[in-house]
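# Coordinate inspection notes
So the chains spell out like this:
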Amino acid sequence: MMIDARKSLRVLESASTFVFFTSSFYDPKGFRNARVEFSNGGLGAANNGKTGMGCSSVEEFLSQIFKDGRQLGFFLDQLEAEGRVPEFEVAVREGFFSVRWCQVSAKIIPLGEDEYYLQGFFVGLQRVKELQKTLHEENKMLEAILGGIGDAVCVYDRNCNVIFQSPLHEKWFDDPFPYMYFRRHGSGGKPLTQGTPETFHKTVRDREQNLLSLEITSYPIKNEIGEYFAGINVVRDCSLSLMLEAKSRELAKYKREHSRIEALAQILGESPAIKKVIRAVEKISKLDTVVFIQGDTGTGKELVARGIQALSRRSKQPFVTINCGALTETLLDSELFGHKKGAFTGAATEKIGLFEAADGGTIFLDEIGEMSMGTQVKLLRVLQDGEVRKLGSTVSRKVNVRVITATHRDIHQLVREKKFREDLFYRIHVFTIHTPSLKERGDDILLLAYHFLEDFSRRQNKSVRRISQEAARVLMNHSWPGNVRELQNVIERSTILCDTDTLQLGDLPYSLFKQAPSVQETPTDPDNETLDDVYKKKILASLKKNRWNKTLTAKDLNISRATLWRKIKDLSIQPD
């Protein structure tokens, strides 16, 4: 048997494992003193494969290799008791091997009757140790990364055993099992062949009983051969995001409401008539329907059109207006549709029309009742086909424009008189809004008067804040044939004349009192001062200021010179 062992020396010499065996001995428990017969050069051993090691005993030989005496003692005691030592890890002395960690094993082998020898193996663990160290460092790094990100992370194997759970995940989930991917897709013992990440939301309470809205995304993970062997859950706290989304929706709602209020702010009034207009504007603004606005001059038709535009989906797009009654047919056609160079006398350059300029937005055609029949034909084509053609051109261009029209004239009468095309009438008369006259609006007169008073006082750097009861009564009794525009002009002139913080009767134009005879007898103060008395004082003060110059006085009072002469005569005004 020894001869056979020696024949294997060449093989053992080339092995990477360090191997040693002893000479024969006759007592199995007497191996400690047995001489080491052979050791190879595996693991870069210091003896370089020489046998005998100076005829050292097994215990002396191993003491040169084992770094820790306690490990050596355990090794020898185990060998003596069991006749063999299973593999276990030991540290070796520096310089003996090229490695510092080994896995050692040994066995007492019988050669014949009452004859034995000891064979031992050292397998290097340096690469394993290095890999373990690297893996440990990588695991630590991975744990630091997964634990440091803002989201909670849980990694688990195919059997739903937790491999890693970040501190945040531990805080949120006492039991992560119900949320694991394989719990929902790994039933029945069947292998998972297809895995798709899943996202769902849960509302849970953490250990501090705070209510959390969590977004849980479960990912199955494949290994190198395509099998799903692990899973990862990434959990995000969406509580703040959901709160911000709610705030954002609330803000958007506020902005829409603010835009609505701002858009309708110019359409002042609380009367039923004007509220009906506002409701109509809000109803039609979201649609692209053609709108027809009917109302007397000065009733705010353009303000209504602007309100429709401001509340519509085209609010950020152009809003173009034109008064159809202010231009000749040729000039109106040129303004609306544009023209090519040389299309008519004076067309020195090519010009883009208002329909093209308003593309994507809204065009407001005011006083459409004044439009010529020829222009009406071109407008009808635009409304029907959505195309415009420049004067002098043979090519049409598509436009996307919302059309709002308005007139103070009786459009039905114009149709009956053949002054307005019936087909165009039906095309623009889809949705009609009637703007009421100021007389129809009742208490809105004073509301508007105060609005204009505040505006003009600010512009003129005055502090007129109130309207006296007598002046307010006159404003309420006037018929206002010029509607809101007339009221605006009256308040502007009266603000200029007012010298106190209250608009008085004497500050109003004389023309307003012709329709308010009852005011003549209305006392303006405890001394029963009449309106004539007020006007007499006003005119007399102006005459004195202008040294009785009638022309300057009339200009100062904003009345004609003839009216001034008549008032001087009617009121018996004479120099002191």
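Everything numeric in this text was worked out from a predicted model, so none of it was measured.

## Quick look at the overall build of the protein
Within the protein, the secondary structure is distributed over 21 helices and 21 strands. A buried classification covers 41% of the 576 residues belonging to the protein. For the protein, the share of sequence-separated contacts (at least 6 apart) that also reach a separation of at least 24 residues comes to 59%. Counting every atom, the protein has about 32100 Å² of accessible surface; 50% of that belongs to carbon and sulfur.

## Quick notes on empty space enclosed by the protein
Empty space among the atoms becomes apparent when a probe as large as a water molecule is rolled across them. Tallying each qualifying case throughout the model produces 2 cavities of 30 Å³ or more. By volume, the largest cavity is sized at about 150 Å³. If you trace the largest cavity, you find 14 residues lining it, with Leu508, Tyr510, Tyr535, Leu557 and Ile559 closest to the centre. Broken down by element, the lining of the largest cavity gets its largest block of residues, 3 residues, from helix 19 (residues 531-545). Classifying every residue of the lining of the largest cavity by side-chain character gives 8 nonpolar, 2 polar and 4 charged. In this structure, the second largest cavity spans a volume of roughly 40 Å³. Lining of the second largest cavity is provided by Phe337, Lys378, Arg381, Val382, Glu387, Val388 and Arg389. Those elements giving two or more residues to the lining of the second largest cavity turn out to be helix 13 (373-385) and strand 16 (387-389). When its residues are assigned to classes, the lining of the second largest cavity shows 3 nonpolar, no polar and 4 charged.

## Some thoughts on the sheet that holds strand 11 (residues 291-295)
Spatially, 5 strands are ordered 12-15-18-11-19 in an open sheet, and the strand pairing comes out parallel. For this open sheet the edge positions go to strand 12 (319-323) and strand 19 (431-435), each flanked by a neighbour on one side alone. Adjacent strand axes in the sheet meet at a mean angle of 20°, parallel and antiparallel pairs treated alike. Taken together, the 4 bridges between strand 15 (residues 362-366) and strand 18 (residues 402-407) define a ladder with parallel strand orientation. Its bridge partner lying in strand 18, leucine 365 is registered against threonine 405. Its contacts with the sheet place helix 9 (residues 272-285) against strand 11, strand 18 and strand 19, and it is angled at close to 155° to strand 19.

## Examining the layout of surface pockets
For the largest pocket, the calculated volume is near 570 Å³. Elements supplying a minimum of two residues to the lining of the largest pocket: helix 9, helix 10 (301-311), helix 16 (444-459) and helix 18 (483-497). Counted by class, the lining of the largest pocket contains 9 nonpolar, 8 polar and 7 charged residues.

## A look at the nonpolar core
Ile467, Leu475, Trp480, Leu487, Ile491, Leu508 and Ile539 are the most contacted members of the largest nonpolar core, which has 34 residues in total. Among the elements of the structure, helix 16, helix 17 (469-477), helix 18, helix 19, helix 20 (550-557) and helix 21 (561-570) are those that each provide at least two residues to this core. If sequence neighbours within four positions are ignored, leucine 508 has contacts with Ala471, Val474, Leu475, Val490, Ser494, Leu503, Phe513 and Tyr535. By size, the runner-up hydrophobic cluster in this structure holds 31 residues, among which are Phe31, Leu43, Val90 and Phe122.

## Some remarks on the packing of helix 16 against helix 18
It is the contact of helix 16 with helix 18, at a shortest axis distance of 9 Å, that shows an interaxial angle of 45°. The pairing of helix 16 with helix 18 is recorded here as oblique in orientation. Classified by chirality, the crossing of helix 18 by helix 16 is right-handed. Mapping the contact onto sequence places Ile445, Leu448, Ala449, Phe452, Leu453, Phe456 and Ser457 in helix 16 and Val484, Leu487, Gln488, Ile491, Glu492 and Thr495 in helix 18.

## Overview of the sheet that holds strand 4 (residues 101-112)
Pairing in this open sheet of 5 strands is antiparallel, and the strands run 2-1-5-4-3 from one edge to the other. Because the sheet does not close on itself, it has two edges, and the strands there are strand 2 (36-39) and strand 3 (84-91). Averaged over all pairs of adjacent strands, the angle between their axes in this sheet comes to 20°, without regard to strand direction. Relative to strand 2, strand 1 (residues 18-22) runs antiparallel, the two sharing 3 bridges. Paired with phenylalanine 20 across the bridge in strand 2 is serine 39. Sheet strands in contact with helix 4 (residues 69-82) are strand 3, strand 4 and strand 5 (115-124), and its direction is about 175° off that of strand 3.

## What to know about a nonpolar patch on the surface
A surface patch of nonpolar side chains, amounting to about 300 Å² of accessible area, comprises Leu240, Met243 and Leu244. Mapped onto the elements of the fold, methionine 243 is located in helix 8 (residues 239-264). Overall, the relative accessible area of 44% leaves methionine 243 in the partly exposed class.

## Here's the deal with the side chain of threonine 502
Here threonine 502 shows up in strand 21 (residues 502-503). Filtering out sequence-adjacent residues up to four positions away, threonine 502 remains in contact with Val464, Arg466, Ile467, Ser468 and Asp507.

## Let's talk about the side chain of lysine 550
Topologically, lysine 550 is positioned in helix 20. Among the residues examined, lysine 550 registers a relative accessible area of 17% and is labelled buried. Not counting chain neighbours up to four residues away, the residues in contact with lysine 550 comprise Leu543, Arg561, Leu564, Trp565 and Ile568.

Procedures and definitions
- Residues numbered from 1 in each chain as written.
- Predicted model: local features only at pLDDT ≥ 70, side-chain atom pairs only at ≥ 80, totals over all residues.
- Heavy atoms only, no water.
- Helix = DSSP H or I, 4+ residues; strand = E, 2+ residues; numbered from the N terminus.
- Buried < 20%, exposed > 50% of the residue type's maximum accessible area, 1.4 Å probe, protein only.
- Contact = heavy atoms within 4.5 Å.
- Areas by Shrake-Rupley, 256 points an atom, 1.4 Å probe, with all protein chains shown as cover.
- 1 Å grid on protein atoms, 1.4 Å probe; cavity = no way out; pocket = protein on both sides within 12 Å on 5 of 7 lines; lining within 4 Å.
- Points joined across faces, edges and corners; volume = space filled by probe spheres on them.
- Nonpolar A, V, L, I, M, F, W, Y, C, P; charged D, E, K, R; others polar.
- Pairing = 2+ DSSP bridges.
- Axes fitted to C-alpha atoms, helices over the stretch in contact; angles between N-to-C directions.
- Core = buried A, V, L, I, M, F, W, Y, C linked by side-chain atoms within 4.5 Å.
- Parallel < 35°, antiparallel > 145°, perpendicular 65-115°, else oblique.
- Left-handed = near helix turned anticlockwise from the far one by under 90°.
- Patch = residues over 30% accessible without salt bridge, like charges linked within 9 Å, V, L, I, M, F, W, Y side chains within 5 Å.
- Salt bridge = Lys/Arg side-chain N within 4 Å of Asp/Glu carboxyl O.

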